[in-house]
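Secondary and tertiary structure notes
The chain contents come next:
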Protein chains: 2
Amino acid sequence: MFNHYSFVGGEHGPWRVVSCNGLRGESLPVVPSVRFVSGLSPQTATGDSWVLRGFTSNVRYAERREIDQLRAQQEGLNRPAATRAALIPIRKSARWWALSQDERRTIFEAQSHHTEIGLAYLPQIARQLHHCRDIGEPFDFLTWFEFAPEHAPDFECLVEQLRKTPEWDYVEREVDIRLIRKH
Amino acid sequence: MFNHYSFVGGEHGPWRVVSCNGLRGESLPVVPSVRFVSGLSPQTATGDSWVLRGFTSNVRYAERREIDQLRAQQEGLNRPAATRAALIPIRKSARWWALSQDERRTIFEAQSHHTEIGLAYLPQIARQLHHCRDIGEPFDFLTWFEFAPEHAPDFECLVEQLRKTPEWDYVEREVDIRLIRKH
(Lines give C-alpha, C1' and ligand atoms only; values in the text may rest on other atoms or scores of the structure.)
Protein backbone atom coordinates (compact mmCIF):
# COMPACT_ATOMS: atom_id res chain seq x y z
CA MET A 1 0.00 0.00 0.00
CA PHE A 2 1.30 3.41 -1.06
CA ASN A 3 0.43 5.04 2.28
CA HIS A 4 1.91 2.41 4.61
CA TYR A 5 5.34 2.82 6.19
CA SER A 6 7.50 1.19 8.83
CA PHE A 7 10.36 2.46 10.92
CA VAL A 8 12.79 -0.32 11.81
CA GLY A 9 15.21 0.18 14.71
CA GLY A 10 18.28 -2.05 14.71
CA GLU A 11 21.82 -2.40 13.46
CA HIS A 12 21.09 -1.44 9.84
CA GLY A 13 19.80 1.69 8.22
CA PRO A 14 20.81 5.04 6.76
CA TRP A 15 20.08 6.99 9.93
CA ARG A 16 22.42 6.80 12.95
CA VAL A 17 20.73 7.26 16.31
CA VAL A 18 22.36 9.96 18.44
CA SER A 19 19.85 9.90 21.29
CA CYS A 20 16.69 8.10 22.38
CA ASN A 21 14.80 9.61 25.29
CA GLY A 22 11.60 8.31 26.82
CA LEU A 23 9.91 11.57 27.83
CA ARG A 24 6.65 10.08 29.07
CA GLY A 25 5.77 6.45 29.70
CA GLU A 26 7.89 3.55 28.56
CA SER A 27 10.84 4.36 26.27
CA LEU A 28 12.00 2.20 23.35
CA PRO A 29 15.11 -0.01 23.35
CA VAL A 30 18.09 2.06 22.22
CA VAL A 31 19.34 0.99 18.78
CA PRO A 32 22.31 2.18 16.70
CA SER A 33 20.36 2.76 13.46
CA VAL A 34 16.91 3.38 12.02
CA ARG A 35 15.55 2.75 8.55
CA PHE A 36 12.30 3.98 7.04
CA VAL A 37 10.68 1.58 4.57
CA SER A 38 7.45 1.16 2.64
CA GLY A 39 4.79 -1.24 3.81
CA LEU A 40 3.68 -2.66 7.15
CA SER A 41 5.62 -5.94 6.88
CA PRO A 42 9.24 -4.86 6.39
CA GLN A 43 12.00 -7.36 5.78
CA THR A 44 13.79 -7.70 9.07
CA ALA A 45 17.39 -8.72 9.71
CA THR A 46 19.49 -10.00 12.57
CA GLY A 47 19.99 -7.16 15.02
CA ASP A 48 16.65 -5.50 14.40
CA SER A 49 15.08 -4.54 17.69
CA TRP A 50 11.73 -2.92 16.92
CA VAL A 51 9.34 -2.01 14.12
CA LEU A 52 6.89 0.89 14.32
CA ARG A 53 4.19 0.99 11.65
CA GLY A 54 1.92 3.77 10.44
CA PHE A 55 0.00 5.25 7.54
CA THR A 56 -0.33 8.70 6.04
CA SER A 57 -3.93 9.86 5.73
CA ASN A 58 -6.21 12.80 5.05
CA VAL A 59 -5.89 15.83 7.35
CA ARG A 60 -7.86 15.52 10.55
CA TYR A 61 -7.86 19.11 11.89
CA ALA A 62 -6.44 21.52 9.32
CA GLU A 63 -8.85 24.04 7.82
CA ARG A 64 -8.64 25.36 4.28
CA ARG A 65 -6.60 28.49 5.05
CA GLU A 66 -4.16 26.40 7.11
CA ILE A 67 -3.75 23.80 4.36
CA ASP A 68 -3.09 26.58 1.85
CA GLN A 69 -0.44 28.13 4.13
CA LEU A 70 1.20 24.74 4.76
CA ARG A 71 1.29 23.89 1.05
CA ALA A 72 2.72 27.30 0.15
CA GLN A 73 5.54 27.01 2.66
CA GLN A 74 6.49 23.40 3.27
CA GLU A 75 9.23 21.41 1.55
CA GLY A 76 9.45 17.66 1.18
CA LEU A 77 11.61 15.03 2.82
CA ASN A 78 14.99 13.92 1.44
CA ARG A 79 16.48 17.37 0.89
CA PRO A 80 20.26 16.89 0.54
CA ALA A 81 21.01 19.47 3.27
CA ALA A 82 18.56 17.87 5.72
CA THR A 83 20.99 15.48 7.38
CA ARG A 84 19.35 15.68 10.81
CA ALA A 85 16.11 13.94 11.71
CA ALA A 86 13.85 13.18 14.62
CA LEU A 87 11.36 10.35 15.04
CA ILE A 88 8.84 11.14 17.77
CA PRO A 89 6.32 8.39 18.53
CA ILE A 90 3.41 9.60 20.68
CA ARG A 91 0.41 7.99 22.33
CA LYS A 92 -2.49 10.09 23.56
CA SER A 93 -4.81 9.19 26.42
CA ALA A 94 -8.20 7.50 26.23
CA ARG A 95 -9.61 10.85 27.46
CA TRP A 96 -8.35 12.52 24.26
CA TRP A 97 -9.92 9.94 21.97
CA ALA A 98 -13.25 10.16 23.77
CA LEU A 99 -13.48 13.88 22.97
CA SER A 100 -15.67 15.11 20.14
CA GLN A 101 -14.18 16.54 16.94
CA ASP A 102 -14.90 20.15 17.97
CA GLU A 103 -13.37 19.61 21.44
CA ARG A 104 -10.21 18.10 19.94
CA ARG A 105 -9.93 20.88 17.34
CA THR A 106 -10.31 23.53 20.08
CA ILE A 107 -7.49 22.03 22.14
CA PHE A 108 -5.32 21.31 19.08
CA GLU A 109 -5.48 24.74 17.48
CA ALA A 110 -7.44 27.41 19.40
CA GLN A 111 -5.67 26.57 22.68
CA SER A 112 -2.43 24.93 21.53
CA HIS A 113 -1.78 26.52 18.12
CA HIS A 114 -0.33 23.24 16.87
CA THR A 115 -0.47 24.08 13.14
CA GLU A 116 0.46 27.71 13.73
CA ILE A 117 3.59 26.69 15.69
CA GLY A 118 4.63 24.26 12.97
CA LEU A 119 4.08 26.89 10.26
CA ALA A 120 6.53 29.23 11.95
CA TYR A 121 9.33 26.71 11.30
CA LEU A 122 8.62 26.14 7.61
CA PRO A 123 10.28 25.41 5.30
CA GLN A 124 13.31 24.64 7.51
CA ILE A 125 11.72 21.81 9.49
CA ALA A 126 10.07 19.27 7.15
CA ARG A 127 7.58 16.94 8.76
CA GLN A 128 5.58 13.81 7.91
CA LEU A 129 2.85 12.45 10.15
CA HIS A 130 1.95 8.75 10.30
CA HIS A 131 -1.16 7.48 12.07
CA CYS A 132 -1.05 4.16 13.87
CA ARG A 133 -3.71 4.00 16.61
CA ASP A 134 -6.24 2.31 14.33
CA ILE A 135 -3.93 -0.55 13.39
CA GLY A 136 -3.13 -1.80 16.87
CA GLU A 137 0.27 -0.20 17.30
CA PRO A 138 1.72 0.84 20.69
CA PHE A 139 1.68 4.52 19.64
CA ASP A 140 -1.00 6.71 18.03
CA PHE A 141 1.32 8.82 15.85
CA LEU A 142 4.83 8.62 14.46
CA THR A 143 6.11 12.00 13.37
CA TRP A 144 9.27 12.19 11.31
CA PHE A 145 11.11 15.51 11.02
CA GLU A 146 14.07 16.43 8.77
CA PHE A 147 16.24 19.55 8.92
CA ALA A 148 19.73 20.86 8.23
CA PRO A 149 22.26 20.95 11.11
CA GLU A 150 22.04 24.75 11.33
CA HIS A 151 18.31 24.47 12.08
CA ALA A 152 18.74 22.05 14.98
CA PRO A 153 18.18 24.90 17.51
CA ASP A 154 14.94 25.81 15.71
CA PHE A 155 13.80 22.24 16.05
CA GLU A 156 14.43 22.37 19.82
CA CYS A 157 12.25 25.47 20.02
CA LEU A 158 9.50 23.81 17.99
CA VAL A 159 9.22 20.72 20.20
CA GLU A 160 9.59 22.75 23.40
CA GLN A 161 6.72 25.02 22.36
CA LEU A 162 4.48 22.08 21.50
CA ARG A 163 5.25 20.26 24.75
CA LYS A 164 4.07 23.25 26.80
CA THR A 165 0.62 23.33 25.15
CA PRO A 166 -2.67 22.09 26.66
CA GLU A 167 -2.69 19.43 23.93
CA TRP A 168 0.30 17.78 25.61
CA ASP A 169 -1.79 17.18 28.77
CA TYR A 170 -3.27 14.34 26.71
CA VAL A 171 0.08 12.79 25.74
CA GLU A 172 0.71 9.74 27.90
CA ARG A 173 3.68 8.24 26.05
CA GLU A 174 6.37 10.06 24.09
CA VAL A 175 9.79 8.95 22.88
CA ASP A 176 12.18 11.39 21.20
CA ILE A 177 14.74 9.77 18.87
CA ARG A 178 17.34 11.99 17.19
CA LEU A 179 19.25 10.88 14.13
CA ILE A 180 22.01 11.87 11.71
CA ARG A 181 22.13 10.67 8.15
CA LYS A 182 25.11 8.36 7.50
CA HIS A 183 27.45 9.35 4.68
CA MET B 1 -7.21 -6.18 17.67
CA PHE B 2 -10.43 -5.24 19.47
CA ASN B 3 -11.41 -2.65 16.83
CA HIS B 4 -10.78 -4.75 13.70
CA TYR B 5 -13.61 -6.52 11.88
CA SER B 6 -14.22 -8.40 8.66
CA PHE B 7 -17.36 -9.09 6.68
CA VAL B 8 -17.11 -12.35 4.76
CA GLY B 9 -19.46 -12.99 1.86
CA GLY B 10 -19.94 -16.61 0.85
CA GLU B 11 -21.95 -19.75 1.53
CA HIS B 12 -21.71 -19.62 5.32
CA GLY B 13 -22.87 -17.13 7.90
CA PRO B 14 -25.81 -16.16 10.10
CA TRP B 15 -27.11 -13.52 7.69
CA ARG B 16 -28.94 -14.50 4.49
CA VAL B 17 -28.53 -12.07 1.62
CA VAL B 18 -31.84 -10.95 0.13
CA SER B 19 -30.44 -8.38 -2.30
CA CYS B 20 -27.14 -6.94 -3.46
CA ASN B 21 -27.30 -3.81 -5.58
CA GLY B 22 -24.37 -1.89 -7.01
CA LEU B 23 -25.70 1.67 -6.86
CA ARG B 24 -22.54 3.42 -8.09
CA GLY B 25 -19.41 1.93 -9.56
CA GLU B 26 -18.64 -1.76 -9.53
CA SER B 27 -20.94 -4.01 -7.49
CA LEU B 28 -19.80 -7.01 -5.44
CA PRO B 29 -20.33 -10.65 -6.43
CA VAL B 30 -23.70 -11.82 -5.13
CA VAL B 31 -23.35 -14.34 -2.30
CA PRO B 32 -25.96 -16.32 -0.37
CA SER B 33 -24.68 -15.42 3.12
CA VAL B 34 -22.59 -12.94 5.08
CA ARG B 35 -20.80 -13.30 8.39
CA PHE B 36 -19.30 -10.60 10.55
CA VAL B 37 -16.16 -11.63 12.45
CA SER B 38 -13.41 -10.09 14.57
CA GLY B 39 -10.01 -9.35 13.10
CA LEU B 40 -8.64 -8.55 9.67
CA SER B 41 -7.55 -12.11 8.79
CA PRO B 42 -10.74 -14.16 9.12
CA GLN B 43 -10.76 -17.91 8.68
CA THR B 44 -12.12 -18.52 5.23
CA ALA B 45 -13.91 -21.59 3.90
CA THR B 46 -14.78 -23.14 0.56
CA GLY B 47 -17.47 -21.04 -1.03
CA ASP B 48 -16.31 -17.73 0.40
CA SER B 49 -16.34 -15.06 -2.29
CA TRP B 50 -15.13 -11.83 -0.71
CA VAL B 51 -13.79 -10.30 2.52
CA LEU B 52 -14.26 -6.64 3.41
CA ARG B 53 -12.16 -5.35 6.32
CA GLY B 54 -12.50 -2.28 8.52
CA PHE B 55 -11.90 -0.76 11.92
CA THR B 56 -13.99 1.25 14.34
CA SER B 57 -12.34 4.49 15.40
CA ASN B 58 -12.84 7.82 17.14
CA VAL B 59 -15.52 10.14 15.76
CA ARG B 60 -14.35 12.26 12.84
CA TYR B 61 -17.11 14.91 12.55
CA ALA B 62 -19.51 14.70 15.50
CA GLU B 63 -19.50 17.62 17.92
CA ARG B 64 -20.15 17.33 21.64
CA ARG B 65 -23.91 18.03 21.52
CA GLU B 66 -24.31 15.51 18.69
CA ILE B 67 -22.37 12.82 20.54
CA ASP B 68 -24.52 13.40 23.63
CA GLN B 69 -27.71 13.10 21.57
CA LEU B 70 -26.46 9.95 19.81
CA ARG B 71 -25.47 8.31 23.11
CA ALA B 72 -28.78 9.17 24.74
CA GLN B 73 -30.81 7.67 21.92
CA GLN B 74 -28.91 4.87 20.22
CA GLU B 75 -29.11 1.16 20.97
CA GLY B 76 -26.51 -1.50 20.28
CA LEU B 77 -26.29 -4.25 17.71
CA ASN B 78 -27.62 -7.77 18.30
CA ARG B 79 -31.04 -6.81 19.60
CA PRO B 80 -33.24 -9.96 19.35
CA ALA B 81 -35.93 -8.10 17.37
CA ALA B 82 -33.42 -6.67 14.89
CA THR B 83 -33.54 -9.51 12.36
CA ARG B 84 -33.01 -7.24 9.34
CA ALA B 85 -29.65 -5.75 8.39
CA ALA B 86 -27.91 -3.80 5.67
CA LEU B 87 -24.22 -3.68 4.79
CA ILE B 88 -23.40 -0.60 2.72
CA PRO B 89 -19.79 -0.31 1.54
CA ILE B 90 -18.96 3.14 0.18
CA ARG B 91 -15.96 4.76 -1.47
CA LYS B 92 -15.66 8.53 -1.70
CA SER B 93 -13.78 10.42 -4.40
CA ALA B 94 -10.22 11.76 -4.27
CA ARG B 95 -11.84 15.22 -4.34
CA TRP B 96 -13.53 14.50 -0.98
CA TRP B 97 -10.30 13.36 0.67
CA ALA B 98 -8.41 16.43 -0.58
CA LEU B 99 -10.86 18.71 1.25
CA SER B 100 -9.91 20.30 4.55
CA GLN B 101 -11.56 19.24 7.80
CA ASP B 102 -13.80 22.34 7.91
CA GLU B 103 -14.87 21.85 4.27
CA ARG B 104 -15.75 18.19 4.90
CA ARG B 105 -17.63 19.04 8.10
CA THR B 106 -19.63 21.73 6.28
CA ILE B 107 -20.71 19.31 3.56
CA PHE B 108 -21.29 16.44 6.01
CA GLU B 109 -23.48 18.30 8.49
CA ALA B 110 -24.31 21.94 7.64
CA GLN B 111 -25.30 21.01 4.06
CA SER B 112 -26.17 17.33 4.31
CA HIS B 113 -27.33 16.91 7.94
CA HIS B 114 -25.80 13.44 8.06
CA THR B 115 -25.85 13.05 11.85
CA GLU B 116 -29.20 14.83 12.18
CA ILE B 117 -30.82 12.47 9.64
CA GLY B 118 -29.44 9.42 11.45
CA LEU B 119 -30.63 10.75 14.82
CA ALA B 120 -34.21 10.93 13.57
CA TYR B 121 -34.22 7.13 13.14
CA LEU B 122 -32.86 6.26 16.59
CA PRO B 123 -33.19 3.96 18.38
CA GLN B 124 -34.97 1.89 15.70
CA ILE B 125 -32.07 1.79 13.22
CA ALA B 126 -28.82 0.74 14.96
CA ARG B 127 -25.64 1.51 13.07
CA GLN B 128 -21.93 0.73 13.26
CA LEU B 129 -19.36 2.46 11.08
CA HIS B 130 -16.09 0.81 10.02
CA HIS B 131 -13.27 2.75 8.36
CA CYS B 132 -11.16 1.08 5.70
CA ARG B 133 -9.58 3.65 3.39
CA ASP B 134 -6.35 3.78 5.40
CA ILE B 135 -5.75 0.03 5.21
CA GLY B 136 -5.82 -0.38 1.45
CA GLU B 137 -9.34 -1.71 1.08
CA PRO B 138 -11.49 -1.16 -2.04
CA PHE B 139 -13.99 0.90 -0.01
CA ASP B 140 -13.56 3.78 2.45
CA PHE B 141 -16.39 2.84 4.83
CA LEU B 142 -18.46 -0.22 5.67
CA THR B 143 -21.64 0.71 7.50
CA TRP B 144 -23.68 -2.02 9.13
CA PHE B 145 -27.30 -1.33 10.10
CA GLU B 146 -29.70 -3.51 12.13
CA PHE B 147 -33.44 -3.06 12.59
CA ALA B 148 -36.68 -4.94 13.20
CA PRO B 149 -38.82 -5.91 10.17
CA GLU B 150 -41.46 -3.28 11.04
CA HIS B 151 -38.80 -0.57 10.69
CA ALA B 152 -37.70 -1.60 7.21
CA PRO B 153 -39.69 1.30 5.66
CA ASP B 154 -37.92 3.72 8.02
CA PHE B 155 -34.60 2.38 6.83
CA GLU B 156 -35.59 3.04 3.21
CA CYS B 157 -36.38 6.64 4.12
CA LEU B 158 -33.05 7.01 5.94
CA VAL B 159 -30.92 5.86 3.03
CA GLU B 160 -33.01 7.76 0.48
CA GLN B 161 -32.57 10.99 2.44
CA LEU B 162 -28.83 10.51 2.72
CA ARG B 163 -28.43 9.70 -0.97
CA LYS B 164 -30.04 13.01 -1.93
CA THR B 165 -27.55 15.10 0.05
CA PRO B 166 -24.60 17.11 -1.33
CA GLU B 167 -22.32 14.68 0.54
CA TRP B 168 -23.36 11.93 -1.88
CA ASP B 169 -21.91 13.95 -4.79
CA TYR B 170 -18.59 12.66 -3.45
CA VAL B 171 -19.63 8.98 -3.36
CA GLU B 172 -18.13 7.18 -6.35
CA ARG B 173 -18.83 3.57 -5.37
CA GLU B 174 -21.73 2.24 -3.31
CA VAL B 175 -23.10 -1.26 -2.87
CA ASP B 176 -26.29 -1.92 -0.88
CA ILE B 177 -26.57 -5.43 0.58
CA ARG B 178 -29.75 -6.36 2.49
CA LEU B 179 -29.86 -9.29 4.88
CA ILE B 180 -32.15 -11.33 7.10
CA ARG B 181 -30.95 -13.17 10.16
CA LYS B 182 -31.20 -16.95 9.77
CA HIS B 183 -33.19 -18.82 12.42
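Each chain has its residues counted from 1, running along the sequence as written. Just so you know, chain letters begin at A and ligand numbers begin at 1, following the order they were written in. Totals for whole chains, interfaces and linings use all residues, but because this is a predicted model, local features are given only for residues with pLDDT of at least 70 and pairs of side-chain atoms are given and counted only at 80 or more. No hydrogens and no water enter the side-chain calculation; it runs on all heavy atoms of the structure.

1. Comments concerning the overall build of chain A
The secondary structure content of chain A amounts to five helices and eight strands. The secondary structure listing takes helices from DSSP runs of H or I that are at least 4 residues long and strands from runs of E that are at least 2 residues long, numbered from the N terminus. For chain A, the sequential pattern of α-helices and β-strands runs β-β-β-β-α-β-α-α-α-β-β-α-β. With C-alpha atoms as the basis for the radius of gyration, the globule rule is written as 2.2 Å multiplied by the number of residues raised to the power 0.38. Relative to a compact globule of 183 residues, whose C-alpha radius of gyration would be 16 Å, chain A shows 16 Å and is just as compact. Taking the principal axes of its C-alpha atoms as reference, chain A extends roughly 45 × 35 × 30 Å. Within chain A, the proportion of its 183 residues that are buried is 51%. Residues are treated as being in contact if the distance between any of their heavy atoms lies within 4.5 Å. Long-range pairs, those at least 24 residues apart, make up 77% of the contacts in chain A with a sequence separation of at least 6. Surface accessibility follows the Shrake-Rupley procedure with a 1.4 Å probe radius. Residue values consider only the protein chains on display as shielding. For chain A, the accessible surface area stands at approximately 8,300 Å², while carbon and sulfur atoms represent 51% of it. Positive and negative side-chain charges of chain A, numbering 23 and 24 respectively, have mean locations separated by a distance of 3 Å. Each residue is placed in one exposure class: buried if its accessible area under a 1.4 Å probe, protein chains only, is under 20% of its type's maximum, exposed if it is over 50%, and partly exposed if it falls in between. Under the convention used here, Asp and Glu are negative, Lys and Arg are positive, and both His and the chain ends fall outside the count. We put the charge of a Lys on NZ, of an Arg on CZ, of an Asp on CG and of a Glu on CD.

2. Focus: empty space enclosed by the protein
The way it works is a 1 Å grid over only the protein atoms, where trapped points that fit a 1.4 Å probe form a cavity and open points with protein on both sides within 12 Å along at least five of seven lines form a pocket, and then any residue with an atom within 4 Å of a point lines it. Grid points are joined across faces, edges and corners, and a volume is the space filled by probe spheres set on the points. One pass over the full model with this rule turns up one cavity of 30 Å³ or more. The calculated volume of the largest cavity comes to roughly 60 Å³. Along its surface, the largest cavity is lined by A:Arg60, A:Trp97, A:His131, A:Cys132, A:Arg133, A:Asp134, A:Asp140, A:Phe141, B:Asn58 and B:Arg60. Under this grouping Gly is polar, as are all residues other than the nonpolar Ala, Val, Leu, Ile, Met, Phe, Trp, Tyr, Cys and Pro and the charged Asp, Glu, Lys and Arg. Tallied by class, residues from the lining of the largest cavity come to three nonpolar, two polar and five charged.

3. Observations concerning the interface of chain B and chain A
In this assembly, 26 residues from chain B lie in contact with 26 residues from chain A. It is B:Asn58, B:Arg64 and B:Asp134 that lose the most area in chain B upon contact with chain A, and together they represent 27% of the buried surface on that side. For salt bridges, the criterion is a side-chain nitrogen of Lys or Arg within 4 Å of an Asp or Glu carboxyl oxygen. On the surface where chain B and chain A come into contact, there are four salt bridges. Among the salt bridges present, the one from B:Arg64 reaches A:Glu103, with a minimum N-O distance of 2.9 Å. Pairs of N or O atoms within 3.5 Å make up the polar contacts considered here, provided that, within protein, one atom can donate a hydrogen while the other can accept it, and that residues adjacent in sequence are counted only when both atoms are side-chain atoms. Scanning the region where chain B abuts chain A turns up 20 residue pairs in polar contact (both at pLDDT 80 or more). Ranked by residue count, the leading element in the side of chain B that touches chain A is helix H3 (residues 101–111) of chain B, at four residues. Of the residues in the side of chain B that touches chain A, the class split is ten nonpolar, eight polar and eight charged. Buried area is understood as the total, over both parts, of accessible area removed when two parts are fitted together, assessed with a 1.4 Å probe.

4. Re the relation of the copies chain B and chain A
Superposing copies: least-squares fit, C-alpha atoms only, residues required to have pLDDT of at least 70 in both. Each copy superposes on the other: chain B lies on chain A with an RMSD of 0.0 Å after a rotation of 180 degrees and an axial shift of 0.0 Å. Each copy turns onto its partner about a two-fold axis. Closest approach to the rotation axis within chain B is made by the C-alpha atom of B:Arg60, at a distance of 3.8 Å.

5. Digging into the layout of surface pockets
All names here are of chain A. In this model, the second largest pocket occupies a volume close to 1,200 Å³. Lining the second largest pocket are 48 residues, with Val59, Leu70, Arg127, Gln128 and Leu129 positioned closest to its centre. Counting residues per element, the ones that place at least two in the lining of the second largest pocket are helix H1 (64–73), strand E5 (84–92), helix H2 (94–97), helix H3 (101–111), helix H4 (114–119), strand E6 (126–131), strand E7 (141–147) and helix H5 (152–163). Counting residues per element, the lining of the second largest pocket draws most heavily on E6, at five residues. Here the lining of the second largest pocket is composed, by residue class, of 24 nonpolar, 14 polar and ten charged.

6. What to know about the environment of A:Glu137
Residue and element names in this part refer to chain A. Of note, Glu137 is situated in the loop between E6 and E7. Taking relative accessible area as the criterion, Glu137 reaches 16% and is therefore assigned buried. It is 31 Å that separates the C-alpha atoms of Glu137 and His151, two residues lying 14 residues apart in sequence. Discounting chain neighbours no more than four positions away, the residues touching Glu137 are Val51, Leu52, Arg53 and Cys132. There is a polar contact of 2.9 Å between the side chain of Glu137 and the backbone nitrogen of Arg53.

7. Concerning the pairing of strand E2 (residues 15–24) of chain A
Moving residue by residue along a regular strand, the side chains alternate between the two faces of the sheet. Residues and elements named next belong to chain A. When DSSP finds at least two bridges between two strands, those strands are taken to pair. As defined by bridge partners, E2 adjoins strand E3 (residues 33–38) across two bridges and the pair is classed as antiparallel. Bridged to Trp15 within E3 is Val34. As paired elements, E2 and strand E8 (residues 171–181) share eight bridges and run antiparallel to each other. Bridged to Gly22 within E8 is Val175.

8. A short note on the pattern of salt bridges
Inspection of every chain in the model, using the stated rule, returns 34 salt bridges over all chains. Between A:Glu172 and A:Arg91 there is a salt bridge; the shortest N-O distance is 2.9 Å. Here A:Glu172, found in strand E8, pairs with A:Arg91, found in strand E5; they are 81 residues apart in sequence, far enough to count as distant. A relative accessible area of 37% means that A:Glu172 is categorised as partly exposed. Where B:Glu160 meets B:Arg163, a salt bridge forms, and the shortest distance between an N and an O atom there is 3.8 Å. Of this pair, B:Glu160 and B:Arg163 both sit in helix H5 (residues 152–163), separated by three residues, roughly a single helical turn. We classify B:Glu160 as partly exposed; its relative accessible area is 39%. Sharing partners across several salt bridges, the network here consists of A:Glu156, A:Glu160, A:Arg163, A:Glu174, A:Asp176 and A:Arg178.

Purely spatial values, then, with no claim about function.
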